[in-house]
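Structural description and commentary
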Amino acid sequence: MNSILNDNVVLVLPAKSEYVSTARLTASSVSTRAGFNIDEIEDIKVAVSEVCNIILSRAEKNISQYRISFDISTDNIKITFTAENGTLDCFEQSIENEYGLYIMKALMDSVELCNENHSIVMTKKIGV
């Protein structure tokens, strides 16, 4: 088996709810290959779904696609969500009291909603 450490898997999806399942399946596959256990894989899938749903419900109408990048390193997986043809606004203020944010923060080791690249970044440590 080839090592997948330091690999980057990128998925570009239309901004349509019909493709959230594609994001979940990709997250599951990448997480499995990275060495997460079944419970951790399920956590990652749920967190990815939550971010996709937030993007789809709050993104500017001019965003037609978004990108999910899975970066695998020796000790974690970093999942970054960015808009392909626009920017994701800072969602932190609009979702700070939402249940979805609590879910993401409970399931992932870190969640960054507002960064200089207008992206959403989640990290999950491997083997913790």
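1. Quick look at the overall build of the protein chain
- A tally of helices and strands in the protein chain yields four helices and five strands.
- Tracing the protein chain from N to C terminus, the helices and strands come up as β-α-α-β-β-α-α-β-β.
- When burial is assessed residue by residue, the protein chain has 44% of its 128 residues classed as buried.
- Taking all contacts inside the protein chain whose residues are at least 6 apart in sequence as the whole, residues at least 24 apart take part in 62%.
- About 6,900 Å² of surface is accessible on the protein chain, with carbon and sulfur atoms providing 46% of the total.

2. Re the pattern of salt bridges
- Counted under the stated rule, the structure contains three salt bridges.
- Close ionic contact of Lys-45 with Glu-42 constitutes a salt bridge, the shortest N to O distance being 3.3 Å. Of this pair, Lys-45 and Glu-42 both sit in helix 2 (residues 38-58), three residues apart, roughly one helical turn.
- In the salt-bridge network here, residues are joined through shared partners; they are Arg-24, Glu-42 and Lys-45.

3. Some words on the sheet that holds strand 1 (residues 8-14)
- Spatially, the five strands line up as an open sheet ordered 1-2-3-5-4, and their pairing is antiparallel. Since the sheet does not close on itself, it has two edges, and those belong to strand 1 and strand 4 (110-112), each with one partner. Strand-to-strand twist of the sheet, defined as the mean angle between neighbouring strand axes without regard to direction, takes the value 15 degrees.
- Two strands pair when backbone bridges link them, and strand 2 (residues 65-72) and strand 3 (residues 76-83) are joined in this way by seven bridges, in the antiparallel orientation. What sits directly across from Ile-68, in strand 3, is Phe-81.
- Seen against the sheet, helix 2 touches strand 2, strand 3 and strand 5 (120-125) and runs at an angle of roughly 175 degrees to strand 5.

4. Describing the packing of helix 2 against helix 4 (residues 99-107)
- In the contact formed by helix 2 and helix 4, the axes pass within 9 Å of each other and the chain directions differ by 145 degrees. Classified by chirality, the crossing of helix 4 by helix 2 is left-handed. Each of Asp-43, Val-46, Ala-47, Glu-50, Val-51 and Ile-54 in helix 2 lies in contact with helix 4, whose residues at this interface are Gly-100, Ile-103, Met-104 and Leu-107.
- In terms of residue class, the contact of helix 2 with helix 4 is built from seven nonpolar, one polar and two charged.

5. Points about the nonpolar core
- Counting 30 residues, the largest nonpolar core has Val-48, Ile-68, Ile-79, Phe-81 and Met-122 as the members making the most contacts within it.
- At the level of elements, strand 1, helix 1 (20-34), helix 2, strand 2, strand 3, helix 4 and strand 5 are the ones that each hand at least two residues to this core.
- Among the elements that line this core, the one with the most residues is helix 2, at eight residues.

The rules behind these values
- Residues numbered from 1 in each chain as written.
- Predicted model: local features only at pLDDT ≥ 70, side-chain atom pairs only at ≥ 80, totals over all residues.
- Heavy atoms only, no water.
- Helix = DSSP H or I, 4+ residues; strand = E, 2+ residues; numbered from the N terminus.
- Buried < 20%, exposed > 50% of the residue type's maximum accessible area, 1.4 Å probe, protein only.
- Contact = heavy atoms within 4.5 Å.
- Areas by Shrake-Rupley, 256 points an atom, 1.4 Å probe, with all protein chains shown as cover.
- Salt bridge = Lys/Arg side-chain N within 4 Å of Asp/Glu carboxyl O.
- Pairing = 2+ DSSP bridges.
- Axes fitted to C-alpha atoms, helices over the stretch in contact; angles between N-to-C directions.
- Left-handed = near helix turned anticlockwise from the far one by under 90°.
- Nonpolar A, V, L, I, M, F, W, Y, C, P; charged D, E, K, R; others polar.
- Core = buried A, V, L, I, M, F, W, Y, C linked by side-chain atoms within 4.5 Å.

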